[in-house]
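Chain and residue survey
So the chains spell out like this:
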Amino acid sequence: MKPEEEVRKTRYQTYALVWVTLIILTGITLSAAGRELGGWTVLIALVIAGTKSGLVLNYFMHLRSERLTVFKVIIPLVLAVFLVFILLTFSDLAFRGGVK
Amino acid sequence: MDETTAFALEGQRDATGARLGMWLFILSEILLFGGLFILYSAYRYKNPVDFHHASRELDVILGTLNTIILLTSSLSMAASIAAIQRSQRKLSMVLLIATMALGLFFLVNKGFEWGAKMEHGIYPNAPTLLARAKGEILFFGLYYVMTGLHGLHVLVGVCVLLVMLILLSKGKVRSTHFTPLENSGLYWHLVDIIWIFLYPLFYLIS
Amino acid sequence: MTTTGAAESIRPRISFYENQGRHNGILAWILTQDHKRIGILYFIFVMAFFFSGVVLGFFMRLQMIAPGGAIMKPQTYNSLFTLHGIIMIFLVVIPAIPTIFGNFFLPIQIGARDVAFPRINLLSWWLYISGAAIVALSVFTGEGPPDTGWTFYTPYSLRTTVNVPLAVFGLFILGMSSILTGVNFVTTTHRLRAPGMTWHRLPLFVWAIYSTSWVQILATPVIGVTLALIMIERFFGVGVFDPAKGGDPILYQHMFWIYSHPATYIMILPAMGIVSDIIPVFARKKIFGYMAIAISGVAIAAVGSLVWGHHMFVSGQSDFAALLFSLLTFLVAIPSAIKVFNWVATLHKGSIVLEPPLLFCLAFIFLFSIGGLTGLIQGALAPNVHLHDTYWIPGHFHYIIFGGMGFGLFAAFHYWFPKMFGRMYNRKMAVWAWVIMLIGFNIFYFSMLLLGWEGMPRRYYDYLPQFRTLHLTATFGSWILVAGLIVMFANLFRGLFTGEKAKDNPWDASTLEWQIPSPPPTENFEEIPVIQRGPYDFKEFDQNG
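About the thresholds
The written sequence of each chain sets the order in which its residues are numbered from 1. All chains are assigned letters beginning at A, and all ligands numbers beginning at 1, according to the order in which they are written. Under the rules for a predicted model, residues below a pLDDT of 70 receive no local features and side-chain atom pairs below 80 are neither given nor counted, while totals for whole chains, interfaces and linings still include all residues. To define a nonpolar core, we join buried Ala, Val, Leu, Ile, Met, Phe, Trp, Tyr and Cys residues through C-beta atoms within 7 Å and take the resulting set. Neighbour density around each residue's C-beta defines its exposure: 20 or more other C-beta atoms within 10 Å make it buried, 12 or fewer make it exposed, and counts between make it partly exposed, where C-beta atoms are placed from the backbone. The secondary structure listing takes helices from DSSP runs of H or I that are at least 4 residues long and strands from runs of E that are at least 2 residues long, numbered from the N terminus. How far each domain reaches was decided by an automatic or database domain assignment. pLDDT runs from 0 to 100 and stands for how confident the predictor is about each residue. Placing C-beta atoms from the backbone, we regard two residues as in contact once those atoms come within 7 Å. Residues are grouped as follows: Ala, Val, Leu, Ile, Met, Phe, Trp, Tyr, Cys and Pro are nonpolar; Asp, Glu, Lys and Arg are charged; all remaining types, including Gly, are polar. Interaxial angles span 0 to 180 degrees and are taken between N-to-C directions of axes, which are lines fitted to C-alpha atoms, for helices over the stretch in contact. Note that the term roughly parallel is reserved for angles under 35 degrees, roughly antiparallel for angles over 145, roughly perpendicular for angles of 65 to 115, and oblique for everything else. A crossing counts as left-handed when the near helix is turned anticlockwise from the far one by less than a right angle, and as right-handed when that turn is clockwise.

Right, let's get into the nonpolar core. Formed by 268 residues in total, the largest nonpolar core has its most connected members in B:L27, B:L142, C:V275, C:I278, C:F364 and C:A411. The dominant element in this core, judged by the number of residues it contributes, is helix α10 (residues 249–283) of chain C, at 23 residues. Counting contributing residues per domain, this core is built from domain 1 (8–65) and domain 2 (67–100) of chain A, each supplying no fewer than three.

Attention shifts here to the confidence of the model for chain C. Residues and elements named next belong to chain C. Predicted confidence across chain C gives a mean pLDDT of 95, with 98% of residues reaching 70 or more. Across residues 1–9 the pLDDT falls below 50, and counting only partners more than four positions away or on other chains, this stretch makes 13 contacts in the model. Reported for the predicted complex are a pTM of 0.95 and an ipTM of 0.94.

Each side of the interface is counted separately: chain C has 13 residues, and chain A has 13 residues. Ranked by the residues each element gives to the side of chain C that touches chain A, the list is headed by helix α12 (residues 319–347) of chain C, at 4 residues. Across the side of chain C that touches chain A, the residue classes tally to 6 nonpolar, 5 polar and 2 charged.

What follows is about the packing of helix α9 (residues 204–236) of chain C against helix α11 (residues 290–303) of chain C. All names here are of chain C. Closest axis-to-axis distance for the α9/α11 pair is 9 Å, and the angle between their directions is 15°. Regarding the angle of α9 to α11, the classification is roughly parallel. Crossing geometry of α9 relative to α11 is assigned as right-handed. Across from L204, W207, A208, S211, W214 and V215 in α9, the residues of α11 making contact are I293, A294, G297, V298 and A301. Across the contact of α9 with α11, the residue classes tally to 9 nonpolar, 2 polar and no charged.

Turning to the environment of C:A70, a few remarks are in order. Within the secondary structure layout, C:A70 lies in the loop between α3 (35–63) and α4 (74–93). Along the backbone, C:A70 and C:Y461 are 391 residues apart, and their C-alpha atoms lie at a distance of 8.9 Å.

Structure representation (structure tokens):
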């Protein structure tokens, strides 16, 4: 084990920029909510939330600067697991009346 | 795997290992809330109209304010770590206090929100709520459980940050050893990310 | 591999049992950060809970020995099978191998001095004890223990007035213990391998514990939140599983089984890892298909997380979901079969040494195969309609859990006993115990399969006269099985105190734990070894150690 390694130092500027982006995205999702978008509403909300989370994960949580494979794998892994759980559950819920 | 096998150097700290452990714990937290999100999706799928109606009763302004509060607290958290990396201990502590203050502000807002709802008779098992459509009962049930569990995590986070503040003040967390602060930051950002999803799913579906 | 050879026998040997820290007496154990001591602590308590589970089972079989049997009230019987399930599943089978042998041997097998987070390891043990204590509390306070079955299906679990919240809270705490252990083991495997210990040179037991730990991290939170919701539901009436408020009880079953099916893989994978470690030693031959066994463990963990709906074929889920889950259930049998083929291929043309560890592994293969094949039968949709909630199901899962994981656990006892305790047990007695258990086991549980086939429902405290012969046979078999267990544990217990001192490497095995003293010193290794060969490379081992 190496002694306390050099974790890349992020500049304050970068953090501030990320924060501004997050606020802007919050504004976008708020305004999108006010409109009639039908079935797209959930998808757009999730995409924006996903983007915001991606920014927090990569920049605030430094995931971007991690080099080891295991760090690169864990978030896709947990997303895949969650997706599988929710899809298989819906294979029940969405088809209770039979496959149309 | 691409890393060279790790030497077990005696007496050396393994910052990467500590971080890995924290990330793995975070995965378990993501799935803890994930279970609740599965329930949310299931019941929203079954009761789209009721969810839409119920959501209108939540205060969008308060929700948005809380979102901005948490996002800003994430900024101050990350900056606090950046500061101690640069040996700027006082700045680091100030930023940490700001993070805690924002966290508490979030909880106070949540308290008011909940209080207002309860005054109107909207809380689990309340007669007023039970008289409503099933989907609305479920919406508010999930609202209390999910924001409640999240709030509990915010509270724990504030306590953890308090401990970090003390360690910072004593020099136990410093530029050559800031892993505890970094790991606390990871936890705090997780709590922020969970709210990033809770916000549109509860406040913005009307 | 650095050899310590002759120097080893001259140096005074201080084992990890000697107190070297600042504590003494019992504190030196319950406040320890030594992974080996923590393993021993788990050993004591897991076995204590196993015994209580066996006693509960014994009384269940006594009730069922004859129709109209009235040694207990129906309510008592309901509580018995609930507690038997809770204790065996959550307090024994899920934790046993990871917490006892994972703790004791994972660090040593990878060439480390301890796990990545020793204090969290201690916390895991305290959470285990606390959770168990709370479950015990639920038995002896208030209106008595839960009567819902270990599955706590809603809405009954929301309405029954017995101590469901207390029991469920205990299990929640136990879940936290499991998650932290998983985090510890994954980090340990990634970060603390000795120089030269690449992923391809890890013992298969390590691969098994590693895969299991991922399941612990990812699946346990889902049951955590589900159990929390039972408590929240009962205290606050939120409504998420209550049909009266729009909740869906089938959704509860989804959430419950999303963890509880992968939990069965938490149970079996470590046992398979033990078999994979033992067979090469007693065939004195490299394992056949190392990579296939390693990856199949990962595959079982992955695909096994997709099959939970096979517990719900007749619950009311959609036909489409049922079809999907049935297909996936058949797929997950494949990696298990791969392991069995590879074990058998390893034995083929090997230099077989019929010692107790190998005997238990052979029993594992036989019993696990029966369990697996019966699983396929019930995993097919049409037969499931007939077999669900009959005695076929507990017949199946006792073959897998007890015949599989249980015998794997016993194999581990007989393999690693000399290393952990520095003594040897009586090998002849061990073989006798094995014979008696095997006979009793099959009489008992095969009768259950037949009972289920004939239509005997499970969780019933009484039955129609037509089932009497098979029930009598089953109870009789259970007595033989218990006799075998008594012989086995008495033998091991006696070996602990009066067994002859064991050599450092009585089995002439090549994995790292056998290259250090029996019992090991606190720091495991004099010097961290440098690894230059695979774990079952006997040719290299015989030449260079």
